[in-house]
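Observations on the three-dimensional arrangement
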Amino acid sequence: MERENCWVWFKGSLKEGGSWKGGFTYKKDDNSGVLIQNPGYVQCRVPDWRISTTEPPDKSIGPKIPDNANWKIL
């Protein structure tokens, strides 16, 4: 498993929209989704659509979220 840098999409709250946050690394393996890591967050597995390997030009515009999408893979 190789570790690579990425940006992760966070949904936000009802009052505030979501945003991309940088400073994460991710690992792909045989399991579904990707494992994200950052010293300030709990390591977890998220779906592929929640990460971007390039810096988003507008951090307030989210990814295309699939219908009935999972936000975290347990």
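Residues numbered from 1 in each chain as written. Predicted model: local features only at pLDDT ≥ 70, side-chain atom pairs only at ≥ 80, totals over all residues. Heavy atoms only, no water.

On to the overall build of the protein, then. Helices and strands together make up the secondary structure of the protein, namely 0 helices and 5 strands. Beginning at the N terminus, the succession of helices and strands in the protein can be written as β-β-β-β-β. Counting only C-alpha atoms, the protein reaches 35 × 25 × 20 Å along its principal axes. Split into buried and exposed, the 74 residues of the protein put 34% on the buried side. Put simply, 42% of the contacts in the protein that link residues at least 6 apart link residues at least 24 apart. As displayed, the protein offers around 5300 Å² of accessible surface, 49% of which is attributable to carbon and sulfur atoms. In the protein, 11 side chains carry a positive charge and 9 a negative one; their mean positions are 7 Å apart. (Helix = DSSP H or I, 4+ residues; strand = E, 2+ residues; numbered from the N terminus. Buried < 20%, exposed > 50% of the residue type's maximum accessible area, 1.4 Å probe, protein only. Contact = heavy atoms within 4.5 Å. Areas by Shrake-Rupley, 256 points an atom, 1.4 Å probe, with all protein chains shown as cover. Lys, Arg positive; Asp, Glu negative; His and termini not counted. Charge placed at Lys NZ, Arg CZ, Asp CG, Glu CD.)

Turning to the sheet that holds strand S2 (residues 19-27), a few remarks are in order. Adjacent strands of a sheet pair through backbone hydrogen bonds, lying either parallel or antiparallel. Taken together, 5 strands build an open sheet; the order of strands is S4-S3-S2-S1-S5 and the sheet is antiparallel. Among the strands making up the open sheet, the edge pair consists of strand S4 (44-46) and strand S5 (51-52). Two strands pair when backbone bridges link them, and strand S3 (residues 34-37) and S4 are joined in this way by 3 bridges, in the antiparallel orientation. Following the sheet pairing, Ile 36 is matched in S4 by Cys 44. (Pairing = 2+ DSSP bridges.)

Counting residues in hydrophobic clusters, the biggest one holds 9 residues: Cys 6, Val 8, Phe 24, Tyr 26, Val 34, Ile 36, Cys 44, Val 46 and Ile 51. Where this core is concerned, the elements lending two or more residues are strand S1 (3-10), S2, S3 and S4. With residues up to four places along the chain from it excluded, the contact list for Val 8 reads Ser 19, Trp 20, Lys 21, Phe 24, Ile 36, Arg 50 and Ile 51. (Core = buried A, V, L, I, M, F, W, Y, C linked by side-chain atoms within 4.5 Å.)

Although it is not a glycine, Asn 68 sits at a positive phi angle of roughly 55°. Within the fold, Asn 68 resides in the segment after S5. For Asn 68, a relative accessible area of 81% corresponds to the exposed category.

Evaluated as defined, the whole model comprises 5 aromatic pairs. Consider the rings of Phe 10 and Phe 24, whose centres lie 5.9 Å apart with planes at 40°: the pair is tilted. In this pair, Phe 10 is assigned in strand S1 and Phe 24 in strand S2, connecting sequence segments 14 residues apart. Judged by relative accessible area, Phe 10 falls into the partly exposed class, the value being 22%. Ring pairs connect the aromatic residues Phe 10, Phe 24 and Tyr 41, which therefore count as one cluster. For Lys 21, the ring lying beneath its charged end belongs to Phe 10, and the centroid distance is 6.0 Å. Above the face of the Phe 10 ring, Arg 50 is positioned so that its terminal group lies 5.5 Å from the ring centre. (Phe/Tyr/Trp six-rings, centres within 6.5 Å; stacked < 30°, edge-to-face > 60°. Lys NZ or Arg CZ within 6 Å of the ring centre and 35° of its normal.)

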